[in-house]
Amino acid sequence: VGSSSNQRHLAWRAARSTASVVMPAVDEERPSLVDCQDGSPSRAASARCARPCVVVPLMLCAAALGSVVTLRLQKAEVVLTVPMSPYHDRLQSSVHFFPSKASEVLGELSVKEVQEISAWFMLQTGAAPFRAFENVSTWLAGPSAVELLRPPKAETLAYLDGKAPKPPRFARVTVVTNSSVLEFKVGPVDDLSKAKISELVPKGAIPYSKRPGFEETWFIRPIYDAVVTELGASLLVKAFGPIWPQLAGYDPSRGTVSILPRNDPLAPRGTRRVRVKSVVVPPAPSRPDAQWLNPLPLDMEVNITAWNVSEWSINHITFCNQGPFDSPQTLLRAYSRGQLQLCNATFSGGHWDTPQRESPKGTLRNESHHNGVSWGPWTFSVTQRPSTGIAVTDIRFRGERIVYELALMDSQAIYGGALRDQFMYSDSAYTMSQWSTSLEPGVDCPDKATYLSAANWMGPDMSRPPDPRKAHEFWPICVFDWVEDHEIWRHMDAGRSRGYVRKTVVVRSIATVGNYDYIMDLKFREDGEINVETRFAGYPETRFPGKGEEIFSTLVREGVAGIVHTHSVAWKADIEVAGQKNALHVTEVREHESSGLGVNWKADGQEQRFPTKILQHHYVEREGANSTFVADTRVPKAWAIVNRNSSVTSGAWKNPRGYRIELLSFSTAQVHSPEHPFVKAMPWTKYHLAVTKYQDNEYRPSSPYVNFDGLQPLSGPYAQDLDVFLSNNESLMDEDLVAWIGLNKEHIVRQEDIPLVSNFGVSFSLQPWNFFDLNTGSNPPSEL
């Protein structure tokens, strides 16, 4: 019998063509492997061993039992090994795809829709697709330049439940003028001949300094080149070698200087400032992205607040961690006076900064344009949003909706350093979708996976002109079923192990944002649990070490410091338990003296009493501080969204049905104080869980405008800000509730993170909480 899964599958099919197979029903007891091996099994065990293999070659019996079978024929012994077990990777997938109603109303805009809407809007308004030239005064901007404007939830649910017609689809279009940022409602998308443009966010609500998008950094390159030319070869080539394309004697075999512009969220209020980091792109055999491991100590800041590029100005130049100098002339004067020291910066790419082995790519993608997914007890719809990434909607278990929306919202990275070296990224403000590329079979996903598409007009090349009219299709999502490496339940009784191996359908999306890759897995398990995991991958961000750098970084190589940073990721879970009238129930485990509480403590009169564990239950009545939580290792809690009027039990044991939000990995708390600009920009990083009442206009916990002008947070009526949502103080009793989940991971760089980190991550789970009367994994669907 062949050892590969494909050979096993072919052998199985060949045997099936010549023999009838009588297999036990799913709920019938499978015989013990001990009972069926050489020896003297009991009569009952013998019957069970024989039953699956009537008129079947020995190979099939072995396959059915997943064991090594030994058969004695006369004096010869034939050992037939069939390494098939409940854990084997099945060649055939049991996942099905279909056109879903949820995709019709909640699925992101298609490539064609993005192209047509952007072209139509530009024709009506005179806007440019992006700021390609300095004189462009109105343009579409940011990763949310053209995205779905999600319809009101009430209308959507009425359509999904067959009670009303399909609501029309509209787009949200984000526009920057030479003085402000605006958002418009455009549509209906289905018939642009009848489309109208209406204002969503008026002029002045979002300052021009917070405009989205990053393509304006193209205009920084000439400014940087002018500084390099002025500093000249006598300084730069002497210090770093002939790696400067702007200067005479350039030798590309030694590497090439490039720049990595970075947003500066700590600029003075009302200021948009870019920090320009110099790096060396090493020559082959290193990969171009190894530039992240080759920092060059020449950095500067550019004030780009004004619309007029001629008003942009260079300041705060540092050279070999000396300065800051307010201009190239000031730096050169210091050099001519002997007040500037050259640093020992050497660049040698090759084996150390580039992985030497990688997995081979698999077969062609199995692609589907149907985003409805059905697997066993689960049905749901999958989409990918251009800014925030993966989203799954209308999630149902055995036909009952339990989640309206489960979606990635944002990711934040905070880096430590000296006053002008610390920095922060909001990854959704860049894009958690469009700088990525299509997933690779056999590397990103199993060969049997099915791939789903999304629209992309920004990447995968970060230098691509972001023109929505030229959106193209790519495949950033894969879906596959998976037999996991452990049981869903297990127990040994009567000297025998019993269990049921866990089966799962996985939705995976991978987003690349500069140096980092984010791997999102949503695992829908056959017992009703949803596991959500975010893993971090890619290159660590580095800088050239200066004096005292070891208090901020791990020095991994001469001239390379791996900076301590926090990864934070936010998810939205709009949970529905038997409808929308839900409540937030909290159970705490606390220590209590063994007295009082109306309990018969069953103690003798003089017996020493020791404290015990007790459960304390309460409902959270309103939004605010009481509806936010940070996990406390000393006071374990169970957070659950429940329906107080629905139960699968009765009498004294009437437990309200619900779903629990549980952290599955250690998650650090926010290190910075609530007043730090990085925290005020993205307040969800303060909480592991926050619960609010659903509002159509509260659709993400931080806005796409937070990367710049961080000392001027958006907090008005148009703000997407979790703390603004919480300040509404709405009732949470028997209301439609949304759970905002935030997970943090401190990354203290280690030597083994070079050249690329070993992927690590954080996860949480949505678990049935008295939702069923029994463990559904004890009697899972027969089709799985």
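Each remark here, short or long, concerns the structure printed above.
Engineer: Describe the overall build of the chain, with residues and values.
Structural biologist: Scanning the chain from N- to C-terminus turns up 13 helices and 36 strands. Summarising the internal contacts of the chain: among those between residues at least 6 apart in sequence, 68% fall at separations of at least 24. Carbon and sulfur atoms form 51% of the exposed surface of the chain, whose accessible area is close to 34,300 Å².

Engineer: Residue-level account of the side chain of Asp 753, with values.
Structural biologist: Structurally, the position occupied by Asp 753 is in the loop between β35 (737–747) and β36 (760–769). Within the structure, the side chain of Asp 753 is placed 2.8 Å from the side chain of His 747, a separation counted as a polar contact. If we skip the residues at most four places from it in the chain, Asp 753 touches Pro 540, His 747, Ile 748 and Ser 758.

Engineer: Got a sec to walk through the sheet that holds strand β30 (residues 612–620)? Specific residues and values, please.
Structural biologist: Read from one edge of the open sheet, 11 strands run β14-β20-β21-β22-β23-β24-β36-β33-β32-β29-β30, paired in mixed fashion. The outermost strands of the open sheet, each flanked by one partner alone, are β14 (366–367) and β30. Pairing of strand β33 (residues 656–663) with β36 involves 6 bridges; the strand directions are antiparallel. Its bridge partner lying in β36, Leu 663 is registered against Phe 764.

Engineer: Now, about the nonpolar core: what can you tell me, with residues and values included?
Structural biologist: The biggest cluster of nonpolar side chains holds 128 residues, and the ones touching the most others in it are Phe 240 and Trp 244. With residues up to four places along the chain from it excluded, the contact list for Phe 240 reads Leu 296, Pro 297, Phe 319, Cys 320, Cys 343, Ala 345 and Phe 347. Membership of the second largest hydrophobic core comes to 19 residues, among which are Ala 407, Met 409, Phe 678 and Met 682.

Engineer: Just give me the short version of the pairing of β36, but keep the residues and values in it.
Structural biologist: By the criterion of burial, β36 is predominantly enclosed, with 7 of the 10 residues buried. Taken together, the 7 bridges between strand β24 (residues 530–538) and β36 define a ladder with antiparallel strand orientation. Paired with Glu 533 across the bridge in β36 is Ser 763.

Engineer: Outline the sheet that holds strand β27 (residues 560–563), supporting the account with residue identities and numerical values.
Structural biologist: Two modes of strand pairing occur in sheets, parallel and antiparallel, and in both the strands are linked by backbone hydrogen bonds. Pairing is antiparallel across the open sheet formed by 3 strands, whose spatial order is β25-β27-β26. If you trace the sheet from one side to the other, it starts and ends with β25 (542–543) and β26 (553–557), each paired once. Summarising the sheet, β25 and β27 pair through 2 bridges and their orientation is antiparallel. Within β27, the residue paired with Arg 543 across the bridge is Ala 561.

Engineer: Can you lay out the pattern of salt bridges for me, pointing to particular residues and giving the numbers?
Structural biologist: Throughout the structure, instances matching the rule amount to 44 salt bridges. For the salt bridge of Arg 172 with Glu 183, the shortest nitrogen-to-oxygen distance reads 3.0 Å. Note that Arg 172 is positioned in strand β6 (residues 170–177) and Glu 183 in strand β7 (residues 180–187), a separation of 11 residues in sequence. Classification of Arg 172 as buried rests on a relative accessible area of 9%. For Glu 183, a relative accessible area of 6% translates into the label buried. As a salt-bridge pair, Arg 502 and Glu 529 come within 3.8 Å of each other at their nearest N and O atoms.

Engineer: Describe in detail the packing of aromatic side chains, supporting the description with residues and values.
Structural biologist: Tallying each qualifying case throughout the model produces 24 aromatic pairs. Aromatic pair Phe 771 and Phe 772: ring centres 5.0 Å apart, planes at 80°, arrangement edge-to-face. Here the two residues Phe 771 and Phe 772 agree in accessibility, since each one is buried. Among the aromatic residues, those joined into a cluster by ring pairs are Phe 214, Tyr 415, Phe 423, Tyr 425, Tyr 430, Trp 435 and Phe 708.

Engineer: Now, about the packing of helix α9 (residues 233–240) against helix α10 (residues 328–336): what can you tell me, with residues and values included?
Structural biologist: Running from N to C, α9 and α10 cross one another at 70°; their axes reach a closest spacing of 11 Å. By the angle between their axes, α9 is roughly perpendicular relative to α10. When α9 is examined against α10, the residues Ser 234, Leu 235 and Lys 238 are found in contact with a partner set consisting of Leu 331, Leu 332 and Tyr 335. Of the residues in the contact of α9 with α10, the class split is 4 nonpolar, 1 polar and 1 charged.

Engineer: Could you give an account of helix α7 (residues 153–160), with specific residues and numbers?
Structural biologist: Buried residues dominate α7, accounting for 6 of its 8 residues. Buried within α7 are the following residues: Lys 153, Thr 156, Leu 157, Ala 158, Tyr 159 and Leu 160. Positive phi shows up at Gly 162, right after α7, with a value of about 75°.

Engineer: Explain unusual backbone geometry residue by residue, including any values.
Structural biologist: The step from Gly 187 to Pro 188 runs through a cis peptide bond, and the omega angle for that step is 10°. Residue position: Pro 188 is located in the loop between β7 and β8 (196–207). At the junction of Gly 323 and Pro 324, the peptide bond is cis and its omega measures out at 15° in the coordinates. Relative to the helices and strands, Pro 324 resides in strand β13 (residues 322–325).

Engineer: Go over the state of the cysteines, please, and point to the residues and values.
Structural biologist: Disulfides are covalent bonds that connect the sulfur atoms of two cysteines. Evaluation of the coordinates by the stated rule reveals 2 disulfides. The residue that forms a disulfide with Cys 320 is Cys 343, at a sulfur-sulfur distance of 2.0 Å. Here Cys 320 and Cys 343 share a disulfide; its torsion about the S-S bond, -60°, makes the bridge left-handed. Placement of the pair is Cys 320 in the loop between β12 (313–319) and β13 and Cys 343 in the loop between α10 and β14, with a sequence separation of 23 residues. What pairs with Cys 445 in a disulfide is Cys 478, and their sulfur atoms sit 2.1 Å apart.

Engineer: Describe in detail the side chain of Lys 210, supporting the description with residues and values.
Structural biologist: Turning to its location among the elements, Lys 210 is positioned in the loop between β8 and α8 (220–231). It turns out Lys 210 is buried and unbridged, and the closest side chain with the opposite charge, Asp 709, is 5.2 Å from it. At a separation of 3.5 Å, a polar atom in the side chain of Lys 210 contacts the main-chain carbonyl oxygen of Tyr 705. Here the side chain of Lys 210 touches Phe 708 through a polar contact of 2.9 Å, landing on its backbone oxygen. With sequence-adjacent residues up to four places away left out, Lys 210 is seen in contact with Arg 272, Tyr 705, Val 706, Phe 708, Asp 709, Gly 710, Gln 712 and Leu 714.

Engineer: Quick one: what's the story with helix α6 (residues 111–125), residue by residue and with numbers?
Structural biologist: With 15 residues, α6 should reach 21 Å at 1.5 Å per residue; the first-to-last C-alpha distance of 21 Å fits that figure. Among the residues trailing α6, Gly 126 stands out with phi positive, at a value near 80°.

Engineer: Give a description of the pairing of strand β23 (residues 516–525) that names residues and reports values.
Structural biologist: Each regular strand displays side chains that alternate between the two surfaces of the sheet. The buried count for β23 comes to 9 of 10 residues, which makes it a mostly enclosed element. By the bridge criterion, 10 bridges tie strand β22 (residues 496–513) to β23 in an arrangement that is antiparallel. Residue pairing in the sheet places Val 513 in a bridge with Tyr 516 of β23. Here β22 hands over to β23 after 2 residues, with Gly 514 in that stretch at a positive phi of 70°. With 9 bridges joining them, β23 and β24 adopt antiparallel strand pairing. Within β24, the position partnered with Lys 523 by the bridge is Asn 531. Between β23 and β24, which pair antiparallel in sequence order, lie 4 residues; one of them, Gly 528, sits at a positive phi of approximately 95°.

Engineer: Any details on the environment of Ser 253? Residues and values, ideally.
Structural biologist: Positionally, Ser 253 belongs in the loop between α9 and β9 (256–263). It is 8.3 Å that separates the C-alpha atoms of Ser 253 and Pro 282, two residues lying 29 residues apart in sequence.

Engineer: Outline the environment of Glu 730, supporting the account with residue identities and numerical values.
Structural biologist: Relative to the elements of secondary structure, Glu 730 occurs in the loop between α13 (722–726) and β35. Each C-alpha atom of the pair Glu 730 and Gly 624 lies 8.4 Å from the other, and the pair is 106 residues apart in sequence. Excluding residues that lie within four positions of it along the chain, Glu 730 makes contacts with Glu 621, Arg 622, Glu 623, Lys 693 and Gln 695. Reaching out from Glu 730, the side chain makes a polar contact with the side chain of Gln 695 at a distance of 3.1 Å.

Rules behind the numbers
Residues numbered from 1 in each chain as written. Predicted model: local features only at pLDDT ≥ 70, side-chain atom pairs only at ≥ 80, totals over all residues. Heavy atoms only, no water. Helix = DSSP H or I, 4+ residues; strand = E, 2+ residues; numbered from the N terminus. Contact = heavy atoms within 4.5 Å. Areas by Shrake-Rupley, 256 points an atom, 1.4 Å probe, with all protein chains shown as cover. Polar contact = N/O pair within 3.5 Å; in protein donor to acceptor, adjacent residues only side chain to side chain. Pairing = 2+ DSSP bridges. Core = buried A, V, L, I, M, F, W, Y, C linked by side-chain atoms within 4.5 Å. Buried < 20%, exposed > 50% of the residue type's maximum accessible area, 1.4 Å probe, protein only. Salt bridge = Lys/Arg side-chain N within 4 Å of Asp/Glu carboxyl O. Phe/Tyr/Trp six-rings, centres within 6.5 Å; stacked < 30°, edge-to-face > 60°. Axes fitted to C-alpha atoms, helices over the stretch in contact; angles between N-to-C directions. Parallel < 35°, antiparallel > 145°, perpendicular 65-115°, else oblique. Nonpolar A, V, L, I, M, F, W, Y, C, P; charged D, E, K, R; others polar. Disulfide = S-S within 2.5 Å. Lys, Arg positive; Asp, Glu negative; His and termini not counted. Expected span 1.5 Å × (residues − 1).

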